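Notes for the structure review
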Amino acid sequence: MKNKKDERIKRESIVSSGNSGDGGDKEEPPSIPTLIKEKIYPWQKLPSYENIPPDLFFDWRWQLKNMIRTPHQLFEVLPYLTPEERENIKMVSKRYPLLISPYYLSLINPEDPEDPIKKQAIPLIDELLDYKGIKDPLEEEGDEAVPGLIHRYPDRVLLITTNFCTTYCRHCTRKRLLGKGGTVRIYQEFERVLNYLKEHPEINEVILSGGDPLTLPLPKLKFILDGLKTIPSIHVVRIGSRVPVTLPMRLFDEELLNLLSQYDFLWLNTHFNHPNEITEYSKKAIFNLCKCGIPVNNQTVLLKGINDDVETMRELFKGLLKIKVRPYYLFHCDPTKGVSHFRTSVYKGIEIIEGLRGHISGLAIPTYVVDAPHGGGKVPVMPNYIISMSEDKIVLRNYEGMIFSYTWNDKKYKEFKGQKNEGIYSLLNGDLDYLIPEKTKRMERRKKYEIKDS
Ligand SMILES: *Cc1c(COP(=O)(O)O)cnc(C)c1O
Ligand code: SF4
């Protein structure tokens with residue numbers, strides 16, 4: 001009898017959600033369980049996860065328990081890997097550990113040999129054939145003030161809280177640490193960090209990095225955040241985490257969200273590299289962070305064969321805006337040992353920024369930076385927009401190729417005697433105000449009203 005009532009509730013919910021169609025009462029609606037069964041979730045296409053229902057797949061504990069940690073586990077989930085790929089994976093994972101969440105793995109399209117998720121998560125033999133790479137290219141160890149704490153810039157420090165992540169990226173700049181040492185031992189050594197911060201009140205920001213701080217057990221994370229809260233000179237705590245990309249369901253957990261919403265100094269920087277990583281689940285994770293009052297920014301790494309073209313980057317950055325993530329940095333890939341096969345040239349990065357600035361929303365455009373050797377820090381690199389300058393004028397160009405002079409005082413340029421000049425110099429000496437490319441879309445639109453000569 002109970003069943004009948006259930007049946008009625010289900011029917012009503014179908015009707016009220018507007019799916020009754022026009023058949024009226026005669027046509028029986030399908031029951032909810034049938035509807036669900038007919039839907040195949042993306043992960044269920046993988047033989048190993050065929051029978052995993054959504055409530056399990058979206059349980060972060062299930063994900064952690066079922067992490068792929070060994071080549072053997074990986075071969076079970078991805079039976080289509082070739083014998084050569086398998087051999088290589090076995091060899092590489094002995095040197096650089098393997099770790100992939102079932103969720104992130106399920107984003108791989110097995111039909112795409114160039115799949116961008118596969119390239120980021122599955123080892124290639126190239127990692128062992130890198131003879132030029134440097135273990136610690138940013139010389140972080142040289143700037144280590146107390147264990148795990150890197151003090152490079154005047155007002156902010158970076159703390160390596162763990163060497164565990166929710167997927168090990170093959171391109172990680174801290175490949176030397178993954179699954180190994182180099183972190184602060186929170187309960188034993190965090191006091192030294194706090195003392196250092198007290199002695200340096202000029203430090204206003206702590207970046208919690210790793211590894212991924214959101215993999216820490218909640219009591220440890222709370223211990224760190226509570227500790228930082230006691231230091232009045234710390235205004236901002238920035239968490240660096242790839243959890244929204246590789247294990248978004250971790251951020252569906254009320255207990256974690258409750259903890260995070262207790263601190264008003266939190267920001268989070270995440271790491272999306274490809275539009276395929278933007279899913280309804282990563283979107284939900286980001287929205288949950290927003291609800292906790294945490295602004296989310298993104299750091300993308302420019303990776304050869306993954307995102308090194310304008311089209312992919314436009315789609316990625318526009319997609320991030322849609323889920324309320326602000327693109328912050330585009331990093332040139334560091335010369336880390338084992339990562340060199342992902343590196344492209346700096347001209348690629350400049351070309352990409354040229355293809356973005358002016359073409360898409362400024363909110364969607366990150367700063368392209370090169371992390372300088374010897375701990376020199378991040379240096380922005382851009383296409384040139386300054387064409388020339390003189391004492392009271394600068395000649396600039398915009399994304400369309402329009403070239404104009406810009407002055408910061410009202411002084412009319414001295415009367416120019418002699419021959420009329422041409423070219424860029426004519427902008428500096430005041431003969432001309434602008435040079436303009438013909439036949440741009442904007443110029444077509446402007447035909448109705450001519451450019452006013454000043
Ligand atoms: C990147 C980085 C920072 C933060 O730099 P921002 O430009 O503020 O994002 C701080 N410390 C270290 C060691 C870094 O590598
Ligand atoms: S999530 Fe970050 S720290 Fe972890 S492997 Fe990826 S890039 Fe490295």
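As a reminder, the structure under discussion sits directly above these lines.
Small disclaimer: the values here were computed from a predicted structure and weren't measured. (Residues numbered from 1 in each chain as written. Chains lettered and ligands numbered in written order. Predicted model: local features only at pLDDT ≥ 70, side-chain atom pairs only at ≥ 80, totals over all residues. Heavy atoms only, no water.)

What to know about the site of ligand 1
Taken together, Ile150, Arg152, Tyr153, Arg156, Leu158, Ile207, Arg238, Tyr328, Tyr329 and Lys378 make up the full set of residues adjacent to ligand 1. One nitrogen or oxygen atom from the side chain of Arg238 is found 2.8 Å from an oxygen atom belonging to ligand 1. In this structure, Lys378 approaches ligand 1 through a side-chain N or O atom, which is 3.2 Å from an oxygen atom. Burial of ligand 1 by the protein chains amounts to 90% of its free accessible area of 390 Å². Given that more than half its atoms are within 2 Å of the pocket grid, ligand 1 belongs to the largest pocket. Put simply, the parts of the chain that give the shell around ligand 1 at least two residues each are strand E3 (156-160) and strand E8 (326-332). Class assignment of the residues belonging to the shell around ligand 1 gives a composition of six nonpolar, no polar and four charged. (Near = heavy atom within 4 Å. Polar contact = N/O pair within 3.5 Å; in protein donor to acceptor, adjacent residues only side chain to side chain. Areas by Shrake-Rupley, 256 points an atom, 1.4 Å probe, with all protein chains shown as cover. 1 Å grid on protein atoms, 1.4 Å probe; cavity = no way out; pocket = protein on both sides within 12 Å on 5 of 7 lines; lining within 4 Å. Sits in = over half its atoms within 2 Å of the grid points. Helix = DSSP H or I, 4+ residues; strand = E, 2+ residues; numbered from the N terminus. Nonpolar A, V, L, I, M, F, W, Y, C, P; charged D, E, K, R; others polar.)

Some remarks on the sheet that holds strand E12 (residues 393-397)
The antiparallel open sheet is built from four strands, whose spatial order is E11-E12-E13-E14. In this open sheet, the two strands that pair with only one neighbour each are strand E11 (386-389) and strand E14 (434-435). (Pairing = 2+ DSSP bridges.)

Thoughts on the side chain of Thr166
For Thr166, the position within the fold is in the loop between E3 and helix H9 (186-199). On the basis of relative accessible area, Thr166 is assigned to the buried category, the value being 1%. Here Thr246 takes part through its side chain, which lies 2.6 Å from a polar atom of the side chain of Thr166. Apart from the residues within four sequence positions on either side, Thr166 is in contact with Met67, Ile100, Ser101, Asp212, Thr215, Arg242, Val243, Thr246 and Leu247. (Buried < 20%, exposed > 50% of the residue type's maximum accessible area, 1.4 Å probe, protein only. Contact = heavy atoms within 4.5 Å.)

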